Amino acid sequence: MRSETEIMNLILEIAREDPRIRAVMLNGSRSNPRVRPDCFQDYDIVYVVNELESFLLDPHWTDLFGEKMIQQLPDQTKTGRPKQRGKFVYLMQFTDGSRIDLTLLSCEQVEQRFQWDSLTQVLLDKDGRIPPLPEASDKDYVISPPDAYDFAACCKGFWWGSTYVAKGLWRWEITYVKAIMDGPVRDKLLRMLAWSVGSQDGFTVNIGEYGKFLEQSLEKPVWLRLLKTYPDAEREHIWKALFVMCDLFRQISHKVAEHFQFVYPQEDDNRVSAYLQQVHSLPDDAQDIPPLQSLQETQDLTVSKEKPLQFSAE
């Protein structure tokens, strides 16, 4: 595998020798001081170019970076033209194990309206067209606090999405269930966990894409409980994980609501929790869905705000 020095020297050498390339920027994890370096880190590079056409007409120009295992062109359309004027991305995985995610950005785009994110570092600027940038940090990626609307929408989305998981489980539609549970429903859980973490540290932490840095911020019992929400494809295992997910969401939501003085939608929780239990016990050959129990009878299915759920590490 080529060293970081070799890759960076190559990136800059190509840029210096090509008059079409006017500036080079680095962003992503390699410019994030909080990320521990490892061998899988991409090189997120931006070339500011005076025109894109000649690059697009030469599909082999990226061979300069090395022998590719595979290349992806997410901005390419069926016609071969870019989706967005003035921008084109090459995702390149090389046979030596290194990877470069290269964005071509026109000078026109930069001059008109482009906003660099907080991780951007200027490596080369032939024309002095890039304004001075602050020291690279991940401040653009830290958790933002919710308002009352954000919180209510997250709660509503979680409990609403859970009913789809239950319906799919009763129908034995496992691929559908996994998509819903690990898509919109889990998204709401991770968002609530992020707000909880942020409320404890003053909203200075970046939990990463899909919460990949959450383990560093959560108490170990909560982290272990979160891992139990990732089941295999066995239907009963998914049911169990769904109930764990609901318990975890409820506990964390109460903490967030208390911190921000928001109102937790307890009645939604009560009704949906009762519905999930009801569908779980519904025979596979059922012809209809019985009416829900009264809310008074479902209180044991939920956890009150005054008596939060206690997690064990088991």
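All of the points below concern the structure found in this document. (Residues numbered from 1 in each chain as written. Predicted model: local features only at pLDDT ≥ 70, side-chain atom pairs only at ≥ 80, totals over all residues. Heavy atoms only, no water.)

1. Comments concerning the pattern of salt bridges
Throughout the structure, instances matching the rule amount to 18 salt bridges. Where E173 meets R171, a salt bridge forms, and the shortest distance between an N and an O atom there is 4.0 Å. Exposure remark for R171: the relative accessible area of 45% places this residue in the partly exposed category. Each of R22, D127 and R129 takes part in a single network of salt bridges with overlapping partners. (Salt bridge = Lys/Arg side-chain N within 4 Å of Asp/Glu carboxyl O. Buried < 20%, exposed > 50% of the residue type's maximum accessible area, 1.4 Å probe, protein only.)

2. Overview of the pairing of strand β5 (residues 99-106)
Taken across its 8 residues, β5 has 7 buried, putting it largely inside the fold. Direction of pairing for strand β2 (residues 43-49) relative to β5: parallel, over a ladder of 7 bridges. Of the residues in β5, the one forming a bridge with D44 is D101. Bridge count between strand β4 (residues 87-94) and β5: 7 bridges; the pairing is antiparallel. Each bridged residue has a counterpart across the sheet, and for M92 the counterpart in β5 is I100. (Helix = DSSP H or I, 4+ residues; strand = E, 2+ residues; numbered from the N terminus. Pairing = 2+ DSSP bridges.)

3. Considering the sheet that holds β5
Spatially, 6 strands are ordered β3-β4-β5-β2-β1-β6 in an open sheet, and the strand pairing comes out mixed. With partners counted over all chains shown, the strands left at the sheet margins are β3 (68-72) and β6 (121-125), one partner each. Mean inter-strand twist for the sheet, computed between neighbouring axes without regard to direction, equals 20°. Across the sheet, helix α1 (residues 4-17) is in contact with β1 (21-27), β2, β5 and β6; its angle to β2 comes to roughly 10°. (Axes fitted to C-alpha atoms, helices over the stretch in contact; angles between N-to-C directions. Contact = heavy atoms within 4.5 Å.)

4. Focus on the layout of surface pockets
Estimated volume of the largest pocket: approximately 1300 Å³. Around the largest pocket sit 39 residues that line it, and G28, S29, D44, L119 and K212 are the ones nearest its centre. Counting only elements with at least two residues in the lining of the largest pocket, the list comes to β2, β4 and β5. The class makeup of the residues in the lining of the largest pocket is 15 nonpolar, 12 polar and 12 charged. There is about 330 Å³ of room inside the second largest pocket. Looking at the second largest pocket, it is lined by 17 residues, and the ones nearest its centre are D187, L190, R191, A194 and I207. Looking at the lining of the second largest pocket, its residues break down into 9 nonpolar, 4 polar and 4 charged. (1 Å grid on protein atoms, 1.4 Å probe; cavity = no way out; pocket = protein on both sides within 12 Å on 5 of 7 lines; lining within 4 Å. Points joined across faces, edges and corners; volume = space filled by probe spheres on them. Nonpolar A, V, L, I, M, F, W, Y, C, P; charged D, E, K, R; others polar.)

5. Side note on the packing of aromatic side chains
In the structure shown here, the tally under the stated rule is 13 aromatic pairs. An angle of 90° between the planes, with centres 5.0 Å apart, marks the rings of F158 and W159 as edge-to-face. The residues F158 and W159 share a single accessibility class, namely buried. Taken together through their ring pairs, the aromatic side chains of Y47, F55, W61, F65, F88 and Y90 make up a single cluster. Stacked on the ring of F55, the Lys or Arg R20 has its end atom at 3.7 Å from the ring centre. The ring of Y43 has R30 sitting right over it, with the charged end atom 3.8 Å from the ring centre. (Phe/Tyr/Trp six-rings, centres within 6.5 Å; stacked < 30°, edge-to-face > 60°. Lys NZ or Arg CZ within 6 Å of the ring centre and 35° of its normal.)

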